[in-house]
Amino acid sequence: MRFLPRRRRAVAFPAPAPVPLHTPGTEPPSGSIPIDVALRIAREALARHGGANIHSSSSMYFAAVDLDHALRTLVTALDAEEGEQ
């Protein structure tokens, strides 16, 4: 009879602590980017991820991160413009 090799025991690692994608109070200083540049960044991000595959978790992850960055940049620029007037 042929003996099968023993299975190795699974090692249980502790779950990593959750890390938020955004920590309030850590935004870049207001007015750091002009509105036209922030708008161009947002449009490019929309064009880049407009045809992303919704069934691909990695595509959705990259789209979410890129679009979140573009939106935060645009909002920061708009808030800075509002504060100057």
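Preceding block: the structure.
Since this is a predicted model, take the numbers as computed values, not measurements. (Residues numbered from 1 in each chain as written. Predicted model: local features only at pLDDT ≥ 70, side-chain atom pairs only at ≥ 80, totals over all residues. Heavy atoms only, no water.)

Draft legend 1. Molecular detail of helix 1 (residues 35-49). Taking 1.5 Å per residue as the helical rise, helix 1 with its 15 residues ought to reach 21 Å, and the 21 Å between its terminal C-alpha atoms agrees with that figure. Every buried residue belonging to helix 1 is among A38, A42, A45 and H49, and all of these are buried. For helix 1, the arc enclosing every buried residue in end-on projection is 65 degrees, short of the 170-degree limit, so these residues lie on one face. Facing away from the buried side of helix 1, by more than 90 degrees, are the exposed residues D36, R43 and A47. (Helix = DSSP H or I, 4+ residues; strand = E, 2+ residues; numbered from the N terminus. Expected span 1.5 Å × (residues − 1). Buried < 20%, exposed > 50% of the residue type's maximum accessible area, 1.4 Å probe, protein only. Arc of directions from axis to C-beta.)

Draft legend 2. A look at the nonpolar core. Listed in full, the 6 residues of the largest apolar core are A38, A42, A45, A70, L74 and A77. The residues touching A45, leaving out its near neighbours within four places in the chain, are D66, L67 and A70. (Core = buried A, V, L, I, M, F, W, Y, C linked by side-chain atoms within 4.5 Å. Contact = heavy atoms within 4.5 Å.)

Draft legend 3. Expanded view of the pattern of salt bridges. Counted under the stated rule, the structure contains 3 salt bridges. With a shortest N-O distance of 2.7 Å, D66 and R48 are connected by a salt bridge. With D66 in helix 2 (residues 57-84) and R48 in helix 1, the pair connects residues that are 18 residues apart, well separated along the chain. On the accessibility criterion, D66 (18% relative accessible area) is buried. R72 is the salt-bridge partner of D68, the closest N and O atoms lying 3.2 Å from each other. In this pair, D68 and R72 are both assigned in helix 2, 4 residues apart and thus about one turn of the helix distant. Since its relative accessible area comes to 31%, D68 is described here as partly exposed. (Salt bridge = Lys/Arg side-chain N within 4 Å of Asp/Glu carboxyl O.)

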